[in-house]
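Each chain, written out:
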Amino acid sequence: METAESPSELIRQANSAFVSEDYAEAAELYTKAIQIDDSKPEYYVNRAHALQKLERHTESKSDAQKAIDLNPADPKAYLRKGIACFHLQQYEEAYEAFLASSTHGGNDAGIRQWLTWAEEKLLKSKKTPVAVKHDWYQTESHVCVTVLAKNLSPDSVSIEFAPSTMMMKAKLPDGTDYELNLNLSFPIVPDQSSYTVMKTKVEIKMKKCDGIRWSSLEGQAPANVKQIPVAIPESSTQPPVYPSSSAKKKDWDKIESEIKKEEAEEKPEGEAALNQLFQKIYCDGSDEIRRAMNKSFQESGGTVLSTNWNEVAKEKVSVKPPDGVEFKKWDE
């Protein structure tokens with residue numbers, strides 16, 4: 001017969017508290033059992049599980065690693081370590097732990113799902129940064145730099161003007177940082193320089209100190225630079241063409257229209273593509289299909305989406321969360 005403070009009795013009480021979703025009490029009882037006997041890897045695995053429910057992932061990872069040290073062939077210990085690492089955004093270590101759990105006989109379906117999620121996070125974190133191009137042109141009074149970066153938030157862009165430099169910093173939509181630092185060929189007037197963040201680009205206008213033609217945007221200014229002659233304006237239906245560093249003239253209105261056309265033709269990917277497919281099925285489907293989709297989605301808490309009214313109409317649709325995820329009501 002076990003005494004009230006024996007490890008096995010404490011584990012029994014802890015397991016009961018865990019099933020009752022009293023995870024704090026369960027973690028405390030597992031701790032008492034470990035203080036009496038710290039040689040059992042399953043004690044650490046159980047406490048790691050309770051700590052994950054309490055979102056104490058760093059402590060959970062430590063317990064899982066202790067269990068692995070005690071039993072390097074325990075698939076549950078590797079699973080707990082992988083889940084803790086995943087929540088700590090340590091995706092490479094999480095992937096390796098899930099792989100080890102599978103190798104040592106872990107649940108195939110659940111481990112495969114966790115492996116897929118970890119692999120997706122790794123691919124996203126290692127995504128090649130988008131190359132951002134810039135070009136420039138000039139008028140009699142200004143030098144203009146165009147940075148071709150799409151969908152920037154105005155709050156994520158900052159530009160500092162100095163008499164001989166311009167520094168731009170921005171946060172790109174994929175989360176990467178972008179910087180453009182220019183050592184200008186000629187001085188500018190910082191107080192009369194400005195920039196505008198548009199949907200497809202950032203337009204930077206720098207006021208020239210002197211009305212001279214810049215032969216280059218950056219570098220040391222050449223000697224004996226002539227002023228730009230003032231021409232008498234003529235009426236014309238064509239847009240003005242400004243001097244540029246490029247040998248080939250650029251039609252900036254055409255470039256902008258092409259960028260907008262590319263945006264319109266972009267096909268959604270991932271979750272956006274899936275949502276688009278569901279919207280099409282809903283719009284094109286019959287009344288029964290729409291009723292089935294509404295009923296299944298609402299009753300299952302968003303975890304089931306069915307188009308079969310004959311099946312859905314029979315009974316309430318139950319919640320079916322993905323593997324490795326536990327459904328709880330919002331007020332629990």
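My aim in this report is to walk through the structure given alongside it, one point at a time. Just so it is clear, the structure is predicted and the values come from calculations on it, not from any experiment.

Quick notes on the packing of helix 3 (residues 41-53) against helix 4 (residues 57-70)
What describes two packed helices is the angle between their axes and the distance between those same axes.
Reasoning step 1: Where helix 3 meets helix 4, the closest approach of the two axes is 8 Å, and the angle between their N-to-C directions is 165°. As the angle between them shows, helix 3 and helix 4 are arranged roughly antiparallel. Helix-helix and strand crossings are classified by hand; for helix 3 and helix 4 the assignment is left-handed. Across the interface between the two elements, Pro 41, Tyr 44, Val 45, Arg 47, Ala 48, Leu 51 and Gln 52 from helix 3 touch His 57, Glu 59, Ser 60, Asp 63, Ala 64, Lys 66, Ala 67 and Leu 70 from helix 4.
Reasoning step 2: Here the contact of helix 3 with helix 4 is built from residues that sort into eight nonpolar, three polar and four charged.

A look at the nonpolar core
Reasoning step 1: Ranked by size, the top nonpolar core spans 26 residues in total, and within it Val 145, Val 147, Met 166, Met 168, Ile 204, Met 206 and Trp 214 carry the most contacts.
Reasoning step 2: Every element with two or more residues in this core is listed here: strand 2 (142-148), strand 3 (157-161), strand 4 (165-171), strand 5 (177-183) and strand 7 (202-208).
Reasoning step 3: When residues no more than four places from it in sequence are discounted, the contact partners of Met 206 are Ser 141, His 142, Val 143, Val 145, Phe 161, Met 166, Leu 184, Ile 188 and Ser 193.
Reasoning step 4: Membership of the second largest hydrophobic core comes to 22 residues, among which are Ala 27, Tyr 43, Ala 67 and Ala 77.

Let's talk about the side chain of Lys 295
Reasoning step 1: Structurally, Lys 295 can be placed in helix 10 (residues 287-299).
Reasoning step 2: Classification of Lys 295 by relative accessible area gives buried; the value is 19%.
Reasoning step 3: Within the structure, Lys 295 has its side chain in polar contact with the backbone oxygen of Glu 315 (distance 3.1 Å).
Reasoning step 4: In this structure Lys 295 touches Trp 309, Val 312, Glu 315 and Lys 316, once residues within four positions along its chain are discounted.

Brief notes about the packing of helix 3 against helix 5 (residues 75-87)
Reasoning step 1: Their axes nearest at 10 Å, the elements helix 3 and helix 5 cross at an angle of 25°. Taken together, the axes of helix 3 and helix 5 are roughly parallel relative to one another. Handedness of the crossing formed by helix 3 with helix 5: left-handed. Contacts between helix 3 and helix 5 involve Val 45, Ala 48, His 49 and Gln 52 from the first element and Lys 76, Ala 77, Arg 80, Ile 83 and Ala 84 from the second.

What to know about the sheet that holds strand 7
Reasoning step 1: Reading across from one edge, 1-2-7-6 is the order of the four strands in this open sheet, with antiparallel pairing throughout. In this open sheet, the two edge strands, each paired with only one partner strand, are strand 1 (133-138) and strand 6 (188-197). For this sheet the average axis-to-axis angle between neighbouring strands, irrespective of direction, equals 15°.

A closer look at the sheet that holds strand 4
Two modes of strand pairing occur in sheets, parallel and antiparallel, and in both the strands are linked by backbone hydrogen bonds.
Reasoning step 1: Taking strand neighbours across the sheet as the criterion, the three strands line up as 3-4-5 in an open arrangement whose pairing is antiparallel. Among the strands making up the open sheet, the edge pair consists of strand 3 and strand 5. Strand-to-strand twist in this sheet, taken as the mean axis angle between neighbours without regard to direction, amounts to 5°.
Reasoning step 2: Alignment of strand 3 against strand 4, held across five bridges, turns out to be antiparallel. Looking across to strand 4, one finds that Val 157 is bridged to Ala 170.

Definitions and cut-offs
Residues numbered from 1 in each chain as written. Predicted model: local features only at pLDDT ≥ 70, side-chain atom pairs only at ≥ 80, totals over all residues. Heavy atoms only, no water. Axes fitted to C-alpha atoms, helices over the stretch in contact; angles between N-to-C directions. Helix = DSSP H or I, 4+ residues; strand = E, 2+ residues; numbered from the N terminus. Parallel < 35°, antiparallel > 145°, perpendicular 65-115°, else oblique. Left-handed = near helix turned anticlockwise from the far one by under 90°. Contact = heavy atoms within 4.5 Å. Nonpolar A, V, L, I, M, F, W, Y, C, P; charged D, E, K, R; others polar. Core = buried A, V, L, I, M, F, W, Y, C linked by side-chain atoms within 4.5 Å. Buried < 20%, exposed > 50% of the residue type's maximum accessible area, 1.4 Å probe, protein only. Polar contact = N/O pair within 3.5 Å; in protein donor to acceptor, adjacent residues only side chain to side chain. Pairing = 2+ DSSP bridges.

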